[in-house]
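# Remarks on the overall topology
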Amino acid sequence: MRKPIMAGNWKMYKTAVGTTAFFEKFRSLVAASDHCEIVICPPFPNLPSAVEAAKGTRIHIGAQNLYWGKEGAVTGEVSGPMLVCVGCTHVLIAHSERRFYFGETDDVVLKKTIAALEVSLTPIVCVGERLEERESGATGRVLVEQFQNGLGGLTPEQFSKIVIAYEPVWAIGTGKTATPQIAADAHRLIRGEARARFGADAAAALRILYGGSVKPDNVKSLMAQPEIDGVLVGGASLDPISFASIVNF
Ligand code: PEP
């Protein structure tokens, strides 16, 4: 059985005060939610406040990015060991905003994923097609390329420790959720790639989250798909009541 992961990506929202206020409400709302793993990814400066506020709960804290080196003259970057030091357990890799605004390539995705695994952070690696790619029928090719060029370079041992998030770019922050069928088809394709490269057991154990305008009112139908092993939520994870109702779908 694949335990679902309900993850929130706060992007560049909230200060330390807002972070603490969120957890004050959120903690009790998910205190009994042991059907899933909960991960919240605040911006870097708020990680200590989030870790502190999540102490003694089942909520995991993740970062939204990392650099692949451990330390060095790389101004503005943050490394895996630094994230572990503040109490992170997870890290998002290759969110489409990172791919789009910061030019992260599949090569970079592989380096960052390996760097995360080296310090025992669980990487949540994002893949997904853009609108024009879907409209031109290129979704399958894009997902296969992202998988093969990035994650295909992992060892089986490394692959067994990652989580993938399928996030169609056209559904992120747009209010246009992929239908459960569209999401499940994409997940099946990704799982098929995993099977071809890493074998049936690895593919069966792989957790694939869906992300893209997940809200309290559509999470149930998405989670009803056996292929969908959880969600990665942006906007609707900023409010404790909204995210708790997603977690407790
Ligand atoms: C995201 O940022 O990963 C995301 C899915 O955003 P939203 O839920 O707002 O579409």
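In the block above lies the structure referred to throughout.
In this text the structure is predicted, and so the values were computed from the model without any measurement.

### Quick word on empty space enclosed by the protein
- One pass over the structure, following the stated rule, counts 1 cavity of 30 Å³ or more.
- What lines the largest cavity is simply Ala94, His95, Ser96, Arg99, Cys126, Val127, Gly128, Glu167 and Val169.

### What about a nonpolar patch on the surface?
- On the surface, a nonpolar cluster with roughly 440 Å² of combined accessible area is contributed by Phe100, Tyr101 and Phe102.
- Inspection of the secondary structure puts Phe100 in helix α4 (residues 96-102).
- A relative accessible area of 63% places Phe100 in the exposed class.

### A few points about the layout of surface pockets
- Considering only enclosed or pocket space, the largest pocket measures out at about 460 Å³ in volume.
- Lining the largest pocket are 15 residues, with Lys11, Met12, Gln64, Glu97 and Arg98 positioned closest to its centre.
- Ranked by residues supplied to the lining of the largest pocket, first place goes to α4 with 4 residues.
- Size it by volume and the second largest pocket reaches roughly 390 Å³.
- Along the wall of the second largest pocket there are 18 residues; nearest its centre are Ser96, Arg99, Phe100, Arg130 and Val169.
- Every element with two or more residues in the lining of the second largest pocket is listed here: α4 and α7 (139-149).
- Here the element with the most residues in the lining of the second largest pocket is α4; it accounts for 5 residues.
- Considered class by class, the residues forming the lining of the second largest pocket number 5 nonpolar, 4 polar and 9 charged.

### A few points about the sheet that holds strand β8 (residues 230-233)
- The parallel closed barrel is built from 8 strands, whose spatial order is β1-β2-β3-β4-β5-β6-β7-β8. Averaged over neighbouring strand pairs, the angle between their axes works out to 25 degrees when direction is ignored.
- Sheet topology places strand β1 (residues 5-9) next to strand β2 (residues 37-41); 5 bridges connect them, and they run parallel. For Asn9, the partnering residue across the bridge sits in β2 and is Cys41.

### Focus: the packing of α7 against helix α9 (residues 180-198)
- It is at 10 Å that the axes of α7 and α9 come closest, and there the two elements cross at 40 degrees. Classified by the interaxial angle, the pair formed by α7 and α9 is oblique. Crossing angle aside, the handedness with which α7 passes α9 is right-handed. In this structure, α7 contributes Gly140, Leu143, Val144, Phe147 and Gln148 to the contact, and α9 contributes Ala186, Leu189, Ile190, Glu193, Ala194, Arg197 and Phe198.

### Comments concerning the nonpolar core
- Ranked by internal contacts, the top residues of the largest apolar core, which has 65 residues, are Phe23 and Phe26.
- One finds Cys41, Leu92, Val163 and Leu209 within the second-largest nonpolar core, a separate group that totals 11 residues.

Rules and cut-offs
- Residues numbered from 1 in each chain as written.
- Predicted model: local features only at pLDDT ≥ 70, side-chain atom pairs only at ≥ 80, totals over all residues.
- Heavy atoms only, no water.
- 1 Å grid on protein atoms, 1.4 Å probe; cavity = no way out; pocket = protein on both sides within 12 Å on 5 of 7 lines; lining within 4 Å.
- Points joined across faces, edges and corners; volume = space filled by probe spheres on them.
- Patch = residues over 30% accessible without salt bridge, like charges linked within 9 Å, V, L, I, M, F, W, Y side chains within 5 Å.
- Areas by Shrake-Rupley, 256 points an atom, 1.4 Å probe, with all protein chains shown as cover.
- Salt bridge = Lys/Arg side-chain N within 4 Å of Asp/Glu carboxyl O.
- Helix = DSSP H or I, 4+ residues; strand = E, 2+ residues; numbered from the N terminus.
- Buried < 20%, exposed > 50% of the residue type's maximum accessible area, 1.4 Å probe, protein only.
- Nonpolar A, V, L, I, M, F, W, Y, C, P; charged D, E, K, R; others polar.
- Pairing = 2+ DSSP bridges.
- Axes fitted to C-alpha atoms, helices over the stretch in contact; angles between N-to-C directions.
- Parallel < 35°, antiparallel > 145°, perpendicular 65-115°, else oblique.
- Left-handed = near helix turned anticlockwise from the far one by under 90°.
- Contact = heavy atoms within 4.5 Å.
- Core = buried A, V, L, I, M, F, W, Y, C linked by side-chain atoms within 4.5 Å.

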